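# Tertiary structure, described
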Amino acid sequence: MAGETMRAVLYNGYGAGAAGLKHVEIPVPSPKKDEILLKVEAASLNPVDWKIQDGSLRPLFPPKFPFVPVIDVAGEVADVGTGVKSFKPGDKVVSLLNFRKGGGLAEYAIAEERLTVTRPPEVSPAEGAGLPIAALTALQALKTVGIKFDGTSNSANILITAASGGVGHYAVQLAKLGNSHVTATCGARNVELVKSLGADEVLDYKTPEGASLKSPSGKKYDSVIHCTTGIGWSVFEQNLNAEGKVIDITPTLWGTISYVFSKLTFAKKQLVPLILSPKKEDMEFLVDLVKEGKLKTLVDSKHPLNKAEDAWAKIMGGHATGKVIVEM
Ligand SMILES: NC(=O)c1ccc[n+]([C@@H]2O[C@H](COP(=O)([O-])OP(=O)(O)OC[C@H]3O[C@@H](n4cnc5c(N)ncnc54)[C@H](OP(=O)(O)O)[C@@H]3O)[C@@H](O)[C@H]2O)c1
């Protein structure tokens, strides 16, 4: 595809939010030896995309400007480098793109074989694109607290905060597949929806009961998958079992220091920071679950590439229900 151009959305500096996005026509990239060129069908946005743009992760991300953001995509293989063995043009796939290179908000993107998996016909582009960051994080968090998905898990009491969000809605479904009793928090408008995903008890986070995180049935939690911010340790602490753990996917420096301190003092109750470490076998597991109808991607909204700024504003607002999708 040398010499051809494509539509893409990029930004040229930190800040400016949706207004900082520019629609451009740029060359279609060429895959290197171990790379795959994808014709992108759908991309999903994550909070980390706008956090990179606002400079929260500088100086590492982005490595340079201009930057084409977004790393969760589903598409069709258009071309492969000479070293790629498992994919060929025409294959349908889901990919987690390279974090530093981004590239998902475009008609074509470069993916790596090690984080690309086959997408069966039962999994639509939007359903597949929703998975990488959000569902992998939910899965990793649940595995961290010992949940298994082969039917051998004992029933654990788990609290999932922000259960209507990108990570939270997958976490509820996966926790149920892992045989857990799930208490979830979300806004009033999403209580029935989160119950329909499998949550046993749901708390509206804007009520005093929701803010206290107390399980309506009086259960103490073995684990918390914490997918939002602004809840103090003392609130978690009083709701945890003796060895309860809070897996914090939005860790602060203070939270990380407190984790190190809790390890040094052999504290049984712990706030455990988690940063996603993606694995191909986990992506395959998640795609299979969607194929089998055991896991679904809740789609907040779909936006065409030429309205990518609407999708960007939606994810920045922090009130998406499920995943925000851009379709090419
Ligand atoms: N550590 C990692 O590797 C990693 C990986 C993925 C994500 N993250 C981080 O995890 C966080 C969640 O990601 P996400 O993709 O799930 O975000 P998201 O989809 O933007 O989450 C939005 C949802 O959170 C709900 N919410 C907001 N505040 C809440 C509260 N106090 N209590 C209960 N629900 C609340 C909103 O409900 P309402 O609309 O009703 O307010 C909305 O449904 C982000 O900060 C993200 O950067 C970290």
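Analysis parameters
- Residues numbered from 1 in each chain as written.
- Predicted model: local features only at pLDDT ≥ 70, side-chain atom pairs only at ≥ 80, totals over all residues.
- Heavy atoms only, no water.
- Helix = DSSP H or I, 4+ residues; strand = E, 2+ residues; numbered from the N terminus.
- Rg over C-alpha atoms; globule rule 2.2 N^0.38 Å.
- Buried < 20%, exposed > 50% of the residue type's maximum accessible area, 1.4 Å probe, protein only.
- Contact = heavy atoms within 4.5 Å.
- Areas by Shrake-Rupley, 256 points an atom, 1.4 Å probe, with all protein chains shown as cover.
- Lys, Arg positive; Asp, Glu negative; His and termini not counted.
- Charge placed at Lys NZ, Arg CZ, Asp CG, Glu CD.
- Pairing = 2+ DSSP bridges.
- Near = heavy atom within 4 Å.
- Polar contact = N/O pair within 3.5 Å; in protein donor to acceptor, adjacent residues only side chain to side chain.
- Nonpolar A, V, L, I, M, F, W, Y, C, P; charged D, E, K, R; others polar.
- Domains from an automatic or database assignment.
- Buried area = accessible area lost by both parts, 1.4 Å probe.
- Axes fitted to C-alpha atoms, helices over the stretch in contact; angles between N-to-C directions.
- Parallel < 35°, antiparallel > 145°, perpendicular 65-115°, else oblique.
- Left-handed = near helix turned anticlockwise from the far one by under 90°.

Okay, the overall build of the chain next. Scanning the chain for helices and strands turns up ten helices and 15 strands. Here the C-alpha atoms of the chain give a radius of gyration of 20 Å, agreeing with the 20 Å that 2.2 N^0.38 yields for 328 residues. Taking the principal axes of the C-alpha coordinates as reference, the chain spans close to 65 × 40 × 40 Å. When the 328 residues of the chain are sorted by exposure, 51% land in the buried category. Intrachain contacts of the chain at a sequence separation of at least 6 include 68% that bridge at least 24 residues. Carbon together with sulfur atoms contributes 56% to the accessible area of the chain, which is approximately 14500 Å² in total. Of note, the chain has its 37 positive side-chain charges centred 4 Å away from the centre of its 35 negative side-chain charges.

Another point: the pairing of strand 3 (residues 35-45). Among the eleven residues that make up strand 3, nine are buried, leaving the element largely enclosed by the rest of the structure. Note: strand 3 against strand 6 (residues 108-112), five bridges, orientation antiparallel. By the bridge assignment, Leu37 is partnered in strand 6 with Ile110. As judged from the four bridges shared by strand 3 and strand 15 (residues 323-327), these two strands associate in the antiparallel manner. Following the sheet pairing, Leu45 is matched in strand 15 by Val324.

This paragraph deals with the site of the ligand. The immediate surroundings of the ligand are formed by 23 residues, with Ser164, Arg189, Tyr205, His319 and Ala320 found nearest. Here an oxygen atom of the ligand and a side-chain polar atom of Arg189 are 2.6 Å apart. Among the elements of the structure, helix 1 (47-53), helix 3 (132-144) and helix 4 (166-177) are those that each provide at least two residues to the shell around the ligand. Residues belonging to the shell around the ligand are distributed by class as follows: eleven nonpolar, ten polar and two charged. Two domains share the shell around the ligand, each providing at least three of its residues, namely domain 1 (5-130 + 297-327) and domain 2 (134-273).

Glancing now at the domain arrangement of the chain. When the domains of the chain are assigned, the result is domain 1 (5-130 + 297-327) and domain 2 (134-273). Measuring from the centre of the C-alpha atoms in domain 1 to the corresponding centre in domain 2 gives 29 Å. On the domain 2 side, the residues contacting the twelve residues of domain 1 number twelve residues. Carbon and sulfur atoms supply 51% of the area buried between domain 1 and domain 2, which totals about 800 Å² over both sides. The largest contributions to the domain 1 side of the interface with domain 2 come from Leu298, His319 and Thr321, which together make up 48% of the buried area.

The subject of this paragraph is the side chain of Glu35. Among the structural elements, Glu35 can be located in strand 3. Within the local environment of Glu35, its side chain forms a polar contact with the backbone nitrogen of Lys32, the two atoms lying 2.9 Å apart. Apart from residues no more than four positions distant in its own chain, Glu35 is found in contact with Ser30, Val80, Gly81, Val84, Lys101, Ile110 and Ala111.

So, on to unusual backbone geometry. For the peptide bond that leads from Phe61 to Pro62, omega is -10°, which places it in the cis range. In this structure, Ala16 is a non-glycine residue whose phi angle is positive, near 80°. Considering the arrangement of structural elements, one finds Ala16 in the loop between strand 1 (5-10) and strand 2 (22-27). At Ala162, a position not held by glycine, the phi torsion is positive, near 55°. Turning to its location among the elements, Ala162 is positioned in the loop between strand 8 (157-160) and helix 4.

The next subject is the packing of helix 3 against helix 4. Two numbers describe how helix 3 lies on helix 4: the axes approach to 8 Å, and their chain directions differ by 50°. The angle between helix 3 and helix 4 falls in the class oblique. Viewed along their axes, helix 3 and helix 4 form a crossing whose handedness is right-handed. Residues Ala134, Ala135, Thr137, Ala138, Leu139 and Leu142 of helix 3 form the contact with helix 4, whose own contacting residues are Gly166, Val167, Tyr170, Ala171, Leu174 and Ala175. Looking at the contact of helix 3 with helix 4 residue by residue, the classes come out as ten nonpolar, two polar and no charged.

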